[in-house]
Amino acid sequence: MAPPTREQCLELDRHDPLASRREAFRLPEGLIYLDGNSLGALTVGAERSVARAVGAQWGVDLIRSWNVHGWIDYPATLGERVGRLIGAAPGETLVCDSTSVDLFKLAAAASLARGARTQIVTEAGNFPTDLHILQGLAKLLPQVEVLAVPRERIYEAIGTDTFLVVLTHVHYRTAEMFDLAEVSARAHAKGARVLWDLSHSVGAVPVDLRGAEADFAIGCTYKYLNGGPGAPAFLYVRRELQDGLMPVLSGWLGDARPFEFQDDYVPAPGVDRHRCGTPPVLAFAALDGALEAFDGVDMAQLRRKSVQLSSLFIELVEALPGAGALSLASPRDPARRGSHVSFAHADGYPLMQRLIARGVVGDFRAPDLLRFGFTPLYLRFVDVWDAVRILGEELAARPDDRPRDTPRLKVT
Ligand SMILES: *Cc1c(COP(=O)(O)O)cnc(C)c1O
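The structure presented is a predicted model; accordingly, all values stated were derived computationally and were not measured.

## Considering the site of the ligand
Here is step 1 of the chain: The local shell around the ligand holds 13 residues, among which S100, D197, H200, Y222 and K223 are the closest.
Here is step 2 of the chain: Protein burial of the ligand: of its 390 Å² of free accessible surface, 85% is covered by the chains.
Here is step 3 of the chain: Among the secondary structure elements, those contributing two or more residues to the shell around the ligand are α5 (99-112) and α6 (128-140).
Here is step 4 of the chain: Looking at side-chain class alone, the shell around the ligand contains three nonpolar, seven polar and three charged residues.

## Observations regarding the domain arrangement of the protein
Here is step 1 of the chain: Parsing the protein into structural domains produces domain 1 (6-30 + 298-401) and domain 2 (48-294).
Here is step 2 of the chain: Between the C-alpha centres of domain 1 and domain 2 there is a distance of 30 Å.
Here is step 3 of the chain: When domain 1 packs against domain 2, close to 1,800 Å² is buried across both sides, 59% of that on carbon and sulfur atoms.
Here is step 4 of the chain: Broken down residue by residue, the surface that domain 1 buries against domain 2 is led by M299, R336 and H340, which jointly contribute 29%.
Here is step 5 of the chain: With its nearest N and O atoms 2.8 Å apart, the salt bridge here joins R336 to E176.
Here is step 6 of the chain: The tally of links from domain 1 across to domain 2 stands at 12 residue pairs in polar contact (both at pLDDT 80 or more).
Here is step 7 of the chain: When residues of the side of domain 1 that touches domain 2 are assigned to their parent elements, the largest contribution, four residues, is made by helix α11 (residues 299-318).
Here is step 8 of the chain: Taken together, the residues of the side of domain 1 that touches domain 2 sort by class into 13 nonpolar, seven polar and six charged.

## Thoughts on unusual backbone geometry
Here is step 1 of the chain: Look at the link from A366 to P367: it is a cis peptide, with omega at 5 degrees.
Here is step 2 of the chain: Along the chain, P367 falls in the loop between β12 (363-365) and β13 (369-373).
Here is step 3 of the chain: Positive phi is not limited to glycine here, since N226 has a value of about 60 degrees.
Here is step 4 of the chain: Locating N226 in the fold gives a position in the loop between β7 (216-219) and β8 (234-237).
Here is step 5 of the chain: Among the residues examined, N226 registers a relative accessible area of 3% and is labelled buried.

## With respect to a nonpolar patch on the surface
Here is step 1 of the chain: Residues V54, W58, L62, I63 and L282 make up a contiguous nonpolar surface patch of roughly 500 Å² in combined accessible area.
Here is step 2 of the chain: Residue position: W58 is located in helix α2 (residues 44-61).

## Digging into the nonpolar core
Here is step 1 of the chain: Membership of the largest hydrophobic core comes to 54 residues, with the highest contact counts inside it found for I86, V165, W196, L198, L209 and L377.
Here is step 2 of the chain: Listing elements by their share of this core, those giving two or more residues are α4 (74-85), α7 (154-157), β5 (162-168), α8 (180-189), β6 (193-197), β8, α10 (281-290) and α11.
Here is step 3 of the chain: Mapped onto the domain boundaries, this core takes at least three residues apiece from domain 1 (6-30 + 298-401) and domain 2 (48-294).
Here is step 4 of the chain: What V165 contacts, discounting residues up to four positions off in sequence, is V121, I158, A187, A192, R193, V194 and L195.

The rules we used
Residues numbered from 1 in each chain as written. Predicted model: local features only at pLDDT ≥ 70, side-chain atom pairs only at ≥ 80, totals over all residues. Heavy atoms only, no water. Near = heavy atom within 4 Å. Areas by Shrake-Rupley, 256 points an atom, 1.4 Å probe, with all protein chains shown as cover. Helix = DSSP H or I, 4+ residues; strand = E, 2+ residues; numbered from the N terminus. Nonpolar A, V, L, I, M, F, W, Y, C, P; charged D, E, K, R; others polar. Domains from an automatic or database assignment. Buried area = accessible area lost by both parts, 1.4 Å probe. Salt bridge = Lys/Arg side-chain N within 4 Å of Asp/Glu carboxyl O. Polar contact = N/O pair within 3.5 Å; in protein donor to acceptor, adjacent residues only side chain to side chain. Buried < 20%, exposed > 50% of the residue type's maximum accessible area, 1.4 Å probe, protein only. Patch = residues over 30% accessible without salt bridge, like charges linked within 9 Å, V, L, I, M, F, W, Y side chains within 5 Å. Core = buried A, V, L, I, M, F, W, Y, C linked by side-chain atoms within 4.5 Å. Contact = heavy atoms within 4.5 Å.

Structure representation (structure tokens):
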């Protein structure tokens, strides 16, 4: 069957139940943004919220804002709102620090509770910070060993020495997705806990942490949640495990009564004990406004559109005359794929730079991946069609027309 025409894509947009969500975003005219999986677009809500926090709050109410504008409760109140998107119960999610730091915090706390077990199992080729943070933790705790194994050997690697399994739900390169419930069940059968990195999942695929009996989770809010560059991360601790988990970064705001200024740390009840220091309020304000774009969104509907967009992209790309130079690096089966698609190409970096110069923004992951993210709240089917047309033109450009050694920028 022939791939859809541009007219058919416009027709899909006319019947898209999420189409009006695009109005919540500020998107530059003429740009096709396929990198919302790395830095989400600016929302009208975030812009307003930051302006309010700076002008009316900081500028007028000054320090009273901690109480009257709820600044001090931001980690918990935004935690509840993110928690609703990942299937958490109230009191299980906190927004604070960065994803890397939250991983350290939860893995270190789980290490304190490990008993006689010594091993953390993770995936070789996991996102570098996940591996590096665990390697640093193992330096601090020489009895702890980090075992990084290929995906197909994870189940056999989980043994009676394993206390923690650390995995990324949707892989940052391939978008391949783990089955949360199945991994949890396998790990629990061996007496191990699982810590999920949801950076490429939250806001893009439905996640049901409680349903999957997940133990711990962390993730970014600047990707599909559009919280802004460097937005604070979130962490999740299943309620049943909260009392047994003691923070290592036991900062004053994770104390039960911080404003009594006592010498000795007493952990706050519940997930609040994983707060550390003063939250960056302006960054929280941006996330606060950005999350409005998700108010009332049916995640099953969002997932349907995500699958339609990424499947359309694959179909159109593979129908290009120059498609022989590309090979799909993501699962073809949409049930096993998150919301981005990667294609390998021998000259991936210069090719992506040419696409960006023509207003199609994706990114490049060394050594050879072109990565394209599909954000159902603001992308249209016709955007996918137009992006693939431009990709086709660039693939067809004669080699002489291509710059040979495009210098690599710091951020690719
Ligand atoms: C983006 C990403 C991170 C980023 O961590 P930061 O501390 O925000 O830099 C971590 N893990 C995964 C899987 C990611 O995709």
